[in-house]
Amino acid sequence: MSEETSTKQSPPSDTETAQQQWREDRTTFQRVYDVLTGVTEYERANTIAERAQCSVDGARNALTQLVEMEIATKRGSRPAEFRRNGSYFRWKQIETLADEHPPAELRERLTELIDEDTQFQEQFEVPDPNAVPSTRLADTNHEQVHEQLASLSRWRTVRYDIELLQDAITRAERSQHDDGQTEASA
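The paragraphs below set out a description of the structure included in this document. Keep in mind that this is a model prediction, so the values were computed, not measured.

1. What about the packing of aromatic side chains?
Moving on, step 1. Considering all chains together, one arrives at five aromatic pairs under this definition.
Moving on, step 2. Seen in terms of ring centroids, tyrosine 33 and phenylalanine 89 are 6.3 Å apart; in terms of plane orientation they differ by 40 degrees. Their pairing is tilted. With tyrosine 33 in helix α3 (residues 28-36) and phenylalanine 89 in helix α6 (residues 86-100), this pair connects stretches of sequence that are 56 residues apart.
Moving on, step 3. Measuring from centroid to centroid gives 5.7 Å for phenylalanine 124 and tryptophan 155, while their planes differ by 15 degrees, and the two rings are stacked. A residue pair is termed long-range when its members are at least 10 positions apart, and phenylalanine 124 in helix α7 (residues 103-124) and tryptophan 155 in helix α9 (residues 142-185) qualify at 31 residues. One exposure class covers both phenylalanine 124 and tryptophan 155, and it is buried.
Moving on, step 4. Three or more aromatic residues joined by ring pairs make a cluster, and in this case those are Tyr33, Tyr88, Phe89 and Trp91.
Moving on, step 5. It is arginine 84 that lies over the ring of phenylalanine 89; its NZ or CZ is 4.2 Å from the centre.

Here you go:
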């Protein structure tokens, strides 16, 4: 092998190019925020810094700000660990739904999900996805188990979305009511 061949580097992969672009286009704070959105279990600042491709001090500073903004939660102090604040992200989803969709549209989607929930209750013959006995899955082949688990996962998502939509409808109706009162008093 010649020296020229051994020192040649292959072009960056699409993933590497995307990561470099992300690093260049986003501030340290934005990258830490991006990483934090996927952190559901407590992680140390150095782990988050590595994923955000920044210094540990930079990550720590951003995480401190995110905790103050209640976007992140912190546990302990030496070493401190951080994770996303699930309540904040749930609230953000509700606000987005309420701002982007009228109550009638949200109610229509809610009705569809309630119908889907009813179908799951009938299919599994239990009122809740957590009530499905594990023995039900043990008596089936691999493909059927996979299908059942996918259905249970979807059912849990439907349940979560029902709660989210109910809260979004309440928020959208309150916002609509508040807007109506503001216009009437003007």
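2. Brief notes about the nonpolar core
Moving on, step 1. Val32, Leu36, Leu63 and Leu66 are the most contacted members of the largest nonpolar core, which totals 19 residues.
Moving on, step 2. Listed by contribution, the elements that provide at least two residues to this core are α3, α4 (45-52), α5 (56-68) and α6.
Moving on, step 3. Look past the residues within four positions of valine 32 in its chain and what remains in contact with it is Ile48, Ala52, Cys54, Ala59, Ala62, Leu63 and Leu66.
Moving on, step 4. Ile94, Leu106, Val132 and Trp155 belong to the second-largest nonpolar core, a separate cluster that totals 18 residues.

3. With respect to the packing of α3 against α4
Moving on, step 1. Interaxial distance between α3 and α4 falls to 9 Å at its minimum, and their mutual angle equals 110 degrees. Considered as vectors, α3 and α4 are oriented roughly perpendicular to each other. Taken together, the residues of α4 that come into contact with α3 (itself represented by Arg31, Val32 and Val35) are Ile48, Arg51 and Ala52.
Moving on, step 2. In terms of residue class, the contact of α3 with α4 is built from four nonpolar, no polar and two charged.

4. Some words on the side chain of serine 151
Moving on, step 1. Secondary-structure assignment places serine 151 in helix α9.
Moving on, step 2. Setting aside chain neighbours within four positions, we find serine 151 in contact with Phe120, Gln123 and Phe124.

5. Comments concerning α5
Moving on, step 1. Its 13 residues place the ends of α5 18 Å apart at the C-alpha level, agreeing with the 18 Å of an ideal helix rising 1.5 Å per residue.
Moving on, step 2. Within α5, the full set of buried residues consists of Gly58, Ala59, Ala62, Leu63 and Leu66. Buried residues in α5, looked at end-on, bunch into an arc of 125 degrees, giving them a common side. Along α5, exposed side chains directed more than 90 degrees from the buried face belong to Asp57, Asn61 and Glu68.
Moving on, step 3. Structurally, α5 contributes buried residues whose contacts are with α3, α4, β2 (72-75) and β3 (81-84).
Moving on, step 4. Positive phi appears at glutamate 70, one or two residues downstream of α5, with a value of about 65 degrees.

Cut-offs and rules
Each chain has its residues counted from 1, running along the sequence as written. Two thresholds apply to this predicted model, a pLDDT of at least 70 for residue-level local features and 80 or more for giving and counting side-chain atom pairs, whereas whole-chain, interface and lining totals are computed over all residues. Derived side-chain values reflect all non-hydrogen atoms in the structure, with water molecules and hydrogen atoms excluded from consideration. Aromatic rings from Phe, Tyr and Trp, with only the six-membered ring used for Trp, were paired whenever their centres fell within 6.5 Å, and each pair was classed as stacked if the ring planes differed by under 30 degrees, edge-to-face if by over 60, and tilted otherwise. Per the convention used, a helix needs a DSSP run of H or I reaching at least four residues, while a strand needs a run of E reaching at least two, with both numbered from the N terminus. The cut-offs for exposure are 20% and 50% of the maximum accessible area for each residue type, with area from a 1.4 Å probe on protein chains only; residues under the lower value are buried, those over the upper are exposed, and the others partly exposed. Whether a charge lies above a ring is judged from NZ of Lys or CZ of Arg, which has to be within 6 Å of the ring centre and within 35 degrees of the ring normal. Working definition of a nonpolar core: buried Ala, Val, Leu, Ile, Met, Phe, Trp, Tyr and Cys residues. They are joined through side-chain atoms within 4.5 Å. Here, residues are in contact when the closest pair of their heavy atoms is within 4.5 Å. For helices, the axis comes from a line fit to the C-alpha atoms of the stretch in contact; other axes are also lines fit to C-alpha atoms, and the angle between any two N-to-C directions lies between 0 and 180 degrees. Any angle that is under 35 degrees is reported as roughly parallel, and any over 145 degrees as roughly antiparallel; angles of 65 to 115 degrees are reported as roughly perpendicular and all others as oblique. Residues are sorted three ways: Asp, Glu, Lys and Arg are charged, Ala, Val, Leu, Ile, Met, Phe, Trp, Tyr, Cys and Pro are nonpolar, and all the rest, Gly among them, are polar. Working rule for helices: expected span equals 1.5 Å times residues minus one. Directions pointing from the helix axis toward each C-beta atom define the arc.

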